[in-house]
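Listed here are the chains, written in short residue letters.
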Amino acid sequence: MNVFDAVKALRGVYAGLDGRDLIASVAAAYPGRTAAISSFGAEAAVLLDLVAQVDTAIPVLFIDTGELFDETQAYRVTLAQRLGLIDVRIVRPSPAELAEANELWLTDADGCCNLRKVRPFERLRTGFDVVIDGRKRIHGGKRDALQTIEAGEDGVIKVSPLATWSQERIDAAFEERSLPRHPLVAQGYRSIGCWPCTRAVRPDEPIRAGRWAGSAKTECGIHRLLIPDAVI
Ligand code: SF4
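Conventions used here
For every chain, the first residue of the written sequence is number 1, and numbering continues from 1 along that sequence. Where local features are concerned, this predicted model is filtered to residues with pLDDT of at least 70; where side-chain atom pairs are given and counted, the filter is 80 or more; whole-chain, interface and lining totals use all residues. Note that the side-chain values use all heavy atoms of the structure and ignore hydrogens as well as water. Numbering of helices and strands starts at the N terminus; helices are DSSP runs of H or I of at least 4 residues and strands are runs of E of at least 2. Contacts are assigned to residue pairs with any non-hydrogen atoms lying within 4.5 Å of each other. Think of a polar contact as two N or O atoms within 3.5 Å of one another; within protein, one of them needs to be a possible hydrogen donor and the other a possible acceptor, and neighboring residues in sequence only count if both atoms come from side chains. Whether two strands pair comes down to DSSP finding at least two bridges between them. Lines fitted to C-alpha atoms define the axes, with helix axes restricted to the stretch in contact, and inter-axis angles between N-to-C directions lie between 0 and 180 degrees. Definition of nearness: a residue and a molecule or strand are near each other if at least one heavy atom of the residue lies within 4 Å of the molecule or strand. Charged residues are taken to be Asp, Glu, Lys and Arg, nonpolar residues to be Ala, Val, Leu, Ile, Met, Phe, Trp, Tyr, Cys and Pro, and polar residues to be all remaining types, Gly included. Oblique is the label for any angle not covered by the other classes, which are roughly parallel (under 35 degrees), roughly antiparallel (over 145) and roughly perpendicular (65 to 115). In this scheme the crossing of two helices becomes right-handed for a clockwise turn of the near helix relative to the far one and left-handed for an anticlockwise turn of less than a right angle. Under the scheme applied here, a residue whose accessible area is under 20% of the maximum for its type counts as buried, over 50% as exposed, and between as partly exposed, the area being computed with a 1.4 Å probe on protein chains only. Consider the strands pointing away from the viewer: the crossover is right-handed when the path from the first strand over the helix to the second runs clockwise.

Caption draft 1: Looking closely at the environment of Arg 143. Looking at the element boundaries, Arg 143 is found in the loop between strand 4 (130-132) and strand 5 (149-151). Between the C-alpha atom of Arg 143 and that of Glu 219, which follows or precedes it by 76 residues, the distance is 9.7 Å. Setting aside residues up to four positions removed in sequence, Arg 143 forms contacts with Arg 135, Lys 136, Arg 137, Arg 208, Glu 219 and His 223. Reaching out from Arg 143, the side chain makes a polar contact with the side chain of Glu 219 at a distance of 2.7 Å.

Okay, structure coming up:
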(Lines give C-alpha, C1' and ligand atoms only; values in the text may rest on other atoms or scores of the structure.)
Protein backbone atom coordinates (compact mmCIF):
# COMPACT_ATOMS: atom_id res chain seq x y z
CA MET A 1 0.00 0.00 0.00
CA ASN A 2 1.44 3.42 -0.86
CA VAL A 3 1.62 6.16 1.73
CA PHE A 4 -1.46 8.02 0.39
CA ASP A 5 -3.67 4.96 0.67
CA ALA A 6 -2.20 4.14 4.06
CA VAL A 7 -2.96 7.64 5.35
CA LYS A 8 -6.50 7.48 3.97
CA ALA A 9 -7.08 4.13 5.63
CA LEU A 10 -5.74 5.28 8.98
CA ARG A 11 -7.75 8.49 8.88
CA GLY A 12 -10.86 6.50 8.09
CA VAL A 13 -10.48 4.55 11.31
CA TYR A 14 -8.56 6.82 13.68
CA ALA A 15 -9.44 10.39 12.65
CA GLY A 16 -11.24 10.98 15.95
CA LEU A 17 -8.36 9.85 18.13
CA ASP A 18 -5.49 11.79 19.65
CA GLY A 19 -2.92 11.39 22.41
CA ARG A 20 -2.29 7.96 23.89
CA ASP A 21 -5.22 6.32 22.08
CA LEU A 22 -3.86 7.35 18.68
CA ILE A 23 -0.34 6.18 19.55
CA ALA A 24 -1.64 2.81 20.73
CA SER A 25 -3.76 2.40 17.61
CA VAL A 26 -1.05 3.11 15.06
CA ALA A 27 1.51 1.08 16.99
CA ALA A 28 -0.90 -1.87 16.89
CA ALA A 29 -1.60 -1.31 13.19
CA TYR A 30 2.14 -1.18 12.39
CA PRO A 31 3.82 -3.41 14.98
CA GLY A 32 7.58 -3.13 14.87
CA ARG A 33 7.27 -0.52 12.13
CA THR A 34 6.36 2.44 14.37
CA ALA A 35 8.84 4.87 15.92
CA ALA A 36 8.65 8.25 17.63
CA ILE A 37 10.94 11.17 16.95
CA SER A 38 11.88 13.69 19.61
CA SER A 39 14.21 16.63 20.02
CA PHE A 40 13.94 16.26 23.81
CA GLY A 41 12.99 19.91 23.74
CA ALA A 42 10.68 22.14 25.76
CA GLU A 43 7.48 20.06 25.50
CA ALA A 44 8.93 16.69 24.50
CA ALA A 45 8.09 15.09 27.81
CA VAL A 46 4.35 15.11 27.09
CA LEU A 47 4.59 13.09 23.88
CA LEU A 48 7.26 10.74 25.24
CA ASP A 49 5.24 10.09 28.39
CA LEU A 50 2.29 9.01 26.23
CA VAL A 51 4.57 6.82 24.10
CA ALA A 52 5.96 5.20 27.24
CA GLN A 53 2.46 4.58 28.58
CA VAL A 54 1.73 2.61 25.42
CA ASP A 55 5.04 0.74 25.20
CA THR A 56 8.44 1.73 26.54
CA ALA A 57 10.05 -0.33 23.76
CA ILE A 58 8.76 1.88 20.93
CA PRO A 59 11.96 3.24 19.35
CA VAL A 60 12.53 6.95 19.99
CA LEU A 61 14.64 8.61 17.28
CA PHE A 62 16.89 11.50 18.29
CA ILE A 63 19.05 13.56 15.95
CA ASP A 64 22.23 14.83 17.58
CA THR A 65 23.17 17.62 15.18
CA GLY A 66 26.46 18.34 16.91
CA GLU A 67 25.19 21.80 17.88
CA LEU A 68 22.67 21.00 20.60
CA PHE A 69 22.65 22.64 24.02
CA ASP A 70 24.42 20.66 26.74
CA GLU A 71 21.18 20.98 28.69
CA THR A 72 19.33 19.07 25.96
CA GLN A 73 21.81 16.20 26.09
CA ALA A 74 21.47 16.00 29.86
CA TYR A 75 17.67 16.21 29.67
CA ARG A 76 17.58 13.35 27.15
CA VAL A 77 19.28 11.08 29.66
CA THR A 78 17.15 12.27 32.57
CA LEU A 79 13.84 12.03 30.74
CA ALA A 80 14.53 8.65 29.14
CA GLN A 81 15.37 7.23 32.56
CA ARG A 82 12.35 8.82 34.21
CA LEU A 83 9.95 7.42 31.59
CA GLY A 84 11.65 4.05 31.25
CA LEU A 85 12.29 4.42 27.53
CA ILE A 86 14.46 1.48 26.55
CA ASP A 87 15.17 2.14 22.87
CA VAL A 88 16.36 5.71 22.28
CA ARG A 89 18.24 5.67 19.00
CA ILE A 90 20.70 8.47 18.36
CA VAL A 91 21.90 9.42 14.91
CA ARG A 92 24.58 11.97 14.12
CA PRO A 93 25.85 13.55 10.92
CA SER A 94 28.73 11.66 9.35
CA PRO A 95 32.23 13.17 9.64
CA ALA A 96 31.93 14.27 6.00
CA GLU A 97 28.56 15.92 6.66
CA LEU A 98 29.94 17.66 9.76
CA ALA A 99 32.94 18.93 7.83
CA GLU A 100 30.70 20.29 5.08
CA ALA A 101 28.26 21.83 7.55
CA ASN A 102 30.91 23.48 9.72
CA GLU A 103 29.35 26.92 10.53
CA LEU A 104 26.99 26.83 7.58
CA TRP A 105 24.14 28.10 9.77
CA LEU A 106 25.69 31.56 9.38
CA THR A 107 25.16 31.65 5.62
CA ASP A 108 22.84 28.81 4.60
CA ALA A 109 20.61 27.52 7.37
CA ASP A 110 18.63 25.26 5.02
CA GLY A 111 21.85 23.64 3.85
CA CYS A 112 23.04 23.25 7.43
CA CYS A 113 19.76 21.60 8.50
CA ASN A 114 19.96 19.32 5.49
CA LEU A 115 23.42 18.12 6.48
CA ARG A 116 22.92 17.97 10.23
CA LYS A 117 19.28 16.85 10.45
CA VAL A 118 17.55 15.75 7.26
CA ARG A 119 20.20 13.39 5.91
CA PRO A 120 20.94 11.71 9.26
CA PHE A 121 17.22 11.33 9.90
CA GLU A 122 16.73 9.68 6.54
CA ARG A 123 19.25 7.04 7.60
CA LEU A 124 17.65 6.52 10.99
CA ARG A 125 14.02 6.22 9.90
CA THR A 126 14.71 3.47 7.37
CA GLY A 127 12.70 0.47 8.40
CA PHE A 128 9.81 2.42 9.86
CA ASP A 129 6.45 3.04 8.19
CA VAL A 130 5.10 5.34 10.91
CA VAL A 131 6.90 8.14 12.74
CA ILE A 132 5.12 9.79 15.67
CA ASP A 133 6.05 13.39 16.44
CA GLY A 134 5.13 16.15 18.86
CA ARG A 135 4.06 18.89 16.44
CA LYS A 136 1.07 21.01 17.44
CA ARG A 137 -1.18 23.56 15.73
CA ILE A 138 -0.60 26.02 18.59
CA HIS A 139 2.99 26.37 17.41
CA GLY A 140 1.67 28.33 14.42
CA GLY A 141 3.26 28.91 11.03
CA LYS A 142 2.97 25.91 8.72
CA ARG A 143 1.65 23.89 11.69
CA ASP A 144 -1.59 25.87 11.83
CA ALA A 145 -3.52 23.30 9.80
CA LEU A 146 -1.66 20.22 10.99
CA GLN A 147 -3.61 16.95 10.81
CA THR A 148 -3.05 14.09 13.24
CA ILE A 149 -2.18 11.73 10.34
CA GLU A 150 -0.26 12.96 7.30
CA ALA A 151 1.83 11.68 4.38
CA GLY A 152 5.47 12.67 4.68
CA GLU A 153 7.61 13.65 1.74
CA ASP A 154 9.88 10.73 2.58
CA GLY A 155 7.01 8.27 2.14
CA VAL A 156 6.54 7.73 5.85
CA ILE A 157 3.20 8.09 7.65
CA LYS A 158 3.50 11.02 10.05
CA VAL A 159 1.37 10.88 13.18
CA SER A 160 1.02 13.90 15.47
CA PRO A 161 -1.03 12.85 18.52
CA LEU A 162 -0.82 16.34 20.07
CA ALA A 163 -1.75 18.24 16.90
CA THR A 164 -4.99 19.62 18.33
CA TRP A 165 -3.89 20.02 21.95
CA SER A 166 -4.09 23.45 23.58
CA GLN A 167 -1.31 25.00 25.65
CA GLU A 168 -3.48 24.48 28.72
CA ARG A 169 -3.72 20.77 27.99
CA ILE A 170 0.04 20.52 27.50
CA ASP A 171 0.70 22.34 30.77
CA ALA A 172 -1.86 20.17 32.56
CA ALA A 173 -0.10 17.03 31.32
CA PHE A 174 3.17 18.26 32.84
CA GLU A 175 1.40 18.86 36.15
CA GLU A 176 -0.70 15.69 36.27
CA ARG A 177 2.19 13.42 35.34
CA SER A 178 4.84 15.34 37.32
CA LEU A 179 6.98 15.50 34.20
CA PRO A 180 10.41 17.15 34.46
CA ARG A 181 10.94 20.33 32.46
CA HIS A 182 13.84 20.99 30.09
CA PRO A 183 16.33 23.10 32.11
CA LEU A 184 16.20 25.99 29.61
CA VAL A 185 12.42 26.48 29.94
CA ALA A 186 13.04 28.38 33.17
CA GLN A 187 15.19 30.81 31.15
CA GLY A 188 12.42 31.59 28.65
CA TYR A 189 13.11 29.00 25.96
CA ARG A 190 9.80 27.57 24.72
CA SER A 191 10.99 25.74 21.59
CA ILE A 192 14.52 24.37 21.67
CA GLY A 193 16.75 23.29 18.79
CA CYS A 194 20.44 23.92 18.04
CA TRP A 195 22.14 26.62 20.12
CA PRO A 196 23.14 28.87 17.15
CA CYS A 197 19.53 29.06 15.94
CA THR A 198 17.56 29.24 19.18
CA ARG A 199 16.89 32.08 21.58
CA ALA A 200 14.56 32.63 24.52
CA VAL A 201 11.22 34.30 23.79
CA ARG A 202 9.18 36.91 25.57
CA PRO A 203 5.82 35.82 27.00
CA ASP A 204 3.98 37.76 24.28
CA GLU A 205 5.90 36.14 21.41
CA PRO A 206 4.83 33.01 19.51
CA ILE A 207 6.23 29.77 20.90
CA ARG A 208 8.61 29.22 17.97
CA ALA A 209 9.66 32.86 17.56
CA GLY A 210 13.06 31.99 18.98
CA ARG A 211 13.85 29.50 16.22
CA TRP A 212 15.89 30.97 13.34
CA ALA A 213 14.84 34.39 14.67
CA GLY A 214 15.26 37.20 12.17
CA SER A 215 14.97 34.93 9.14
CA ALA A 216 12.05 33.54 7.15
CA LYS A 217 12.98 29.98 8.05
CA THR A 218 10.52 28.22 10.36
CA GLU A 219 11.16 24.49 9.89
CA CYS A 220 14.26 22.31 9.69
CA GLY A 221 12.99 20.17 6.83
CA ILE A 222 12.33 16.76 8.37
CA HIS A 223 8.56 17.31 8.45
CA ARG A 224 7.89 18.13 4.80
CA LEU A 225 4.67 16.71 3.37
CA LEU A 226 4.62 14.70 0.19
CA ILE A 227 1.63 16.56 -1.22
CA PRO A 228 -0.78 19.19 0.07
CA ASP A 229 -2.94 17.68 2.73
CA ALA A 230 -6.20 18.53 0.97
CA VAL A 231 -5.38 16.18 -1.91
CA ILE A 232 -5.56 13.10 0.28
S1 SF4 B 1 19.06 24.45 13.48
FE2 SF4 B 1 20.79 25.79 12.91
S3 SF4 B 1 22.68 24.76 13.60
FE4 SF4 B 1 21.00 23.26 13.69
S5 SF4 B 1 21.13 22.16 11.77
FE6 SF4 B 1 19.64 23.84 11.42
S7 SF4 B 1 20.83 25.65 10.69
FE8 SF4 B 1 22.29 24.09 11.51
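That was the structure; now back to the text.
Caption draft 2: Inspection of the sheet that holds strand 5 at higher detail. With mixed pairing, six strands are arranged side by side in an open sheet as 3-2-1-4-6-5. At either margin of the open sheet sits one strand with a lone partner, and together these are strand 3 (88-91) and strand 5. Within the sheet, the average angular offset between the axes of one strand and its neighbour, ignoring direction, is 30 degrees. In terms of strand pairing, strand 2 (residues 60-63) meets strand 3 through four bridges, oriented parallel.

Caption draft 3: A look at the site of the ligand. In the vicinity of the ligand, the residues found are Trp 105, Ala 109, Cys 112, Cys 113, Arg 116, Lys 117, Cys 194, Cys 197 and Trp 212. Here the shell around the ligand is built from residues that sort into seven nonpolar, no polar and two charged.

Caption draft 4: Spotlight on the packing of helix 2 (residues 19-29) against helix 3 (residues 44-54). Two numbers describe how helix 2 lies on helix 3: the axes approach to 9 Å, and their chain directions differ by 50 degrees. Considered as vectors, helix 2 and helix 3 are oriented oblique to each other. Helix 2 and helix 3 meet at a crossing whose hand is right-handed. Note on element contacts: helix 3 touches helix 2 through Leu 47, Leu 50, Val 51, Gln 53 and Val 54, opposite Gly 19, Arg 20, Ile 23 and Ala 24. A class-by-class count of the residues in the contact of helix 2 with helix 3 yields six nonpolar, two polar and one charged.

Caption draft 5: Spatial organisation of helix 2. Of the residues making up helix 2, those classed as buried are Gly 19, Leu 22, Ile 23, Ser 25, Val 26 and Ala 27. Looking at the buried positions of helix 2, the neighbouring elements they touch are helix 1 (3-14), strand 1 (34-37), helix 3, strand 4, strand 5 and strand 6 (157-159).

Caption draft 6: Here's a closer look at the pairing of strand 2. On strand 2, burial covers both faces: Val 60 and Phe 62 on one face and Leu 61 and Ile 63 on the other are all buried. Bridge count between strand 1 and strand 2: two bridges; the pairing is parallel. In the strand pairing of strand 2, Ala 36 is matched with Val 60. On the question of chirality, the crossover connecting strand 1 to the parallel strand 2 by way of helix 3 is right-handed. On the question of chirality, the crossover connecting strand 2 to the parallel strand 3 by way of helix 4 (residues 70-83) is right-handed.

Caption draft 7: Structural detail: the environment of Ile 63. Structurally, Ile 63 can be placed in strand 2. On the accessibility criterion, Ile 63 (10% relative accessible area) is buried. Separated by 29 residues in sequence, Ile 63 and Arg 92 place their C-alpha atoms 6.0 Å apart.

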